[in-house]
Amino acid sequence: MALAASSVPNDLEPYWMPFTANRAFKKRPRMIVGAKDMHYIASDGRKLIDGAAGLWCTNAGHNREPIVAAIQREAATLDYAPAFQFSHPKAFELAGRIAALAPGDLDHVFFCNSGSEAVDTALKIALAYHNVRGNASRVRLIGRERGYHGVGFGGIAVGGIVNNRKQFGALFTGVDHLPTTYNREKQAFSIGEPEWGAHLADELDRLVALHDASTIAAVIVEPVAASTGVLPPPKGYLERLRAICDKHGILLIFDEVITGYGRLGYAFAAERYGVVPDMITFAKGITSGAVPMGGVLVRKGIYDAFMKGPEHVIELFHGYTYSAHPLACAAGLATLDLYRGEGLFERARKLETPWAKAAMGLKGLPNVLDIRPVGLTVGIDLASKPDAVGKRGMEALDLGFFEYDVMFRAVGDTLALSPPLILSESQIGEIFDKLARIIKAVA
Ligand SMILES: Cc1ncc(COP(=O)(O)O)c(C=O)c1O
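The structure contained in this document is the topic of the report that follows. (Residues numbered from 1 in each chain as written. Predicted model: local features only at pLDDT ≥ 70, side-chain atom pairs only at ≥ 80, totals over all residues. Heavy atoms only, no water.)

Strand order in the open sheet formed by four strands is β11-β12-β15-β14, and the pairing between neighbours is antiparallel. The two strands at the open ends of the sheet, each matched to only one other strand, are β11 (368-374) and β14 (409-411). Strand after strand, the sheet turns through a mean of 20 degrees between neighbouring axes, direction not considered. Relative to strand β12 (residues 377-382), β11 runs antiparallel, the two sharing six bridges. Bridge pairing in β12 places Pro373 opposite Val378. Strands β11, β12 and β15 (414-417) of the sheet are contacted by helix α14 (residues 344-360), whose axis makes an angle of about 175 degrees with β11. Of the strands in this sheet, β12, β14 and β15 are in contact with helix α15 (residues 391-404), which crosses β14 at around 170 degrees. (Pairing = 2+ DSSP bridges. Helix = DSSP H or I, 4+ residues; strand = E, 2+ residues; numbered from the N terminus. Axes fitted to C-alpha atoms, helices over the stretch in contact; angles between N-to-C directions. Contact = heavy atoms within 4.5 Å.)

With that settled, the discussion passes to helix α10 (residues 237-248). The terminal C-alpha atoms of α10 lie 17 Å apart, and with 12 residues this matches the ideal 16 Å at 1.5 Å per residue to within 8%. Buried residues of α10: Tyr237, Leu238, Leu241, Arg242, Ile244, Cys245 and His248, and no others. Viewed end-on, α10 has its buried residues packed into an arc of 170 degrees, placing them on one side of the element. Seen from the buried face of α10, the exposed residues on the opposite side, beyond 90 degrees, are Asp246 and Lys247. Immediately downstream of α10, the backbone of Gly249 shows phi near 65 degrees, a positive value. (Expected span 1.5 Å × (residues − 1). Buried < 20%, exposed > 50% of the residue type's maximum accessible area, 1.4 Å probe, protein only. Arc of directions from axis to C-beta.)

Considering all chains together, one arrives at eight aromatic pairs under this definition. Seen from their ring centres, Phe19 and Tyr148 are 6.4 Å apart, and the 75 degrees between their planes marks the pair as edge-to-face. With Phe19 in the segment before α1 (22-27) and Tyr148 in the loop between β5 (140-144) and α6 (153-158), this pair connects stretches of sequence that are 129 residues apart. On the numbers, 6.1 Å between centres and 80 degrees between planes, the contact of Tyr261 with Phe282 is edge-to-face. (Phe/Tyr/Trp six-rings, centres within 6.5 Å; stacked < 30°, edge-to-face > 60°.)

Taking strand neighbours across the sheet as the criterion, the four strands line up as β1-β2-β3-β13 in an open arrangement whose pairing is mixed. With one partner strand each, in any of the chains shown, β1 (32-36) and β13 (406-407) form the two edges of the open sheet. Note: strand β2 (residues 39-42) against strand β3 (residues 47-50), three bridges, orientation antiparallel. Residue pairing across strands places Ile41 opposite Lys47, the latter belonging to β3.

Of the pockets and cavities examined, the second largest pocket occupies roughly 1,100 Å³. When contributions to the lining of the second largest pocket are tallied by element, the ones reaching two or more residues are α4 (89-101), β4 (106-112) and α12 (300-306). In terms of residue count, the dominant contributor to the lining of the second largest pocket is β4 (five residues). Counted by class, the lining of the second largest pocket contains 23 nonpolar, nine polar and two charged residues. (1 Å grid on protein atoms, 1.4 Å probe; cavity = no way out; pocket = protein on both sides within 12 Å on 5 of 7 lines; lining within 4 Å. Points joined across faces, edges and corners; volume = space filled by probe spheres on them. Nonpolar A, V, L, I, M, F, W, Y, C, P; charged D, E, K, R; others polar.)

Quick look at the structure:
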């Protein structure tokens, strides 16, 4: 890895960092200056193993040569093409490749630039779909407690994380929430999908009884709620949600911003669970994090519902300047080639068992309250320090970065891991060995 260590900039003040304790970071910056395959390089030159695929996104590993080359070529060929009224070939090619990986008749793709935009796009499509079909009263949106759907107003309204909502006013009206599927008493230390909890899908019937189906546009859930600590769906839960949505004409949206592109051993979680939603949101893994991109896959019937009326009229008044940006499309195509060429989704499937076994090896260590492995990800709950929720998690993160040379996510006192899918069995051992030492150190 030809990378010289570079120093931390003198003035850290001007940058207001997202979802970060800014003052703590600026006192002791976790600064990264390079990356290759399974590793990051810190500003002091240390090589750290990446246990989180950046932010759940670099599924093909870092700085992969074919992706880098594709981006470089595209930048020198077509820096930008207007997204409205004009386009470029790679946008259509990539849409086709994405649709080909999706189950059922999810065969049209609307592009945007992030997971948050994908969610807001899907919610808008749901509202507009009912509108164009003459069901304008279907305006309610149903999310789920502990759901994360990005930071747009739509996403935080259907999301179920109080800190993401409480500072931002009244939000979107007409939103309701299903209960979380997580219950530690019933599910602790389950490997994969827990046995208990499918009945929680029936809460949707209760919300329908309360609001009436004629007022409900869509339900949005993450197949595995990742950002709040990796909460796999109870066995049978998603099927039940699908059936209830079908019964009432409600659209079902799977937010697969994290679960898409191999995290659970398949192109989409929809395939793993054998449930075809009406829309799938994706981002992150589509370009292996190399260029921002997001999008929404929609079923044929939804797309067709819009393709009516005079042909010179815009069918959906929505889009972004950088929808299907040429660099993102080039990166996306090269990334999908890598996933296919190296069999990375199958690799994730094969590694799921050794990964879960190694994760479960942490059971019994001090403060470990639950471990939830699924696919190539895991959430590990640590007990909070008295009156200092999140402190133990941050101490673990710091120890990992500064002393044990391993990176992962800390969500409060839950440690979340989701390595690039290229990791080896010995790297699984390395990651969990380091974690065991960190968990003991923060006891
Ligand atoms: C399920 C889900 N939806 C949406 C988002 C938002 O994505 P972005 O940060 O790209 O806006 C995330 C981000 O982690 C996510 O996990």
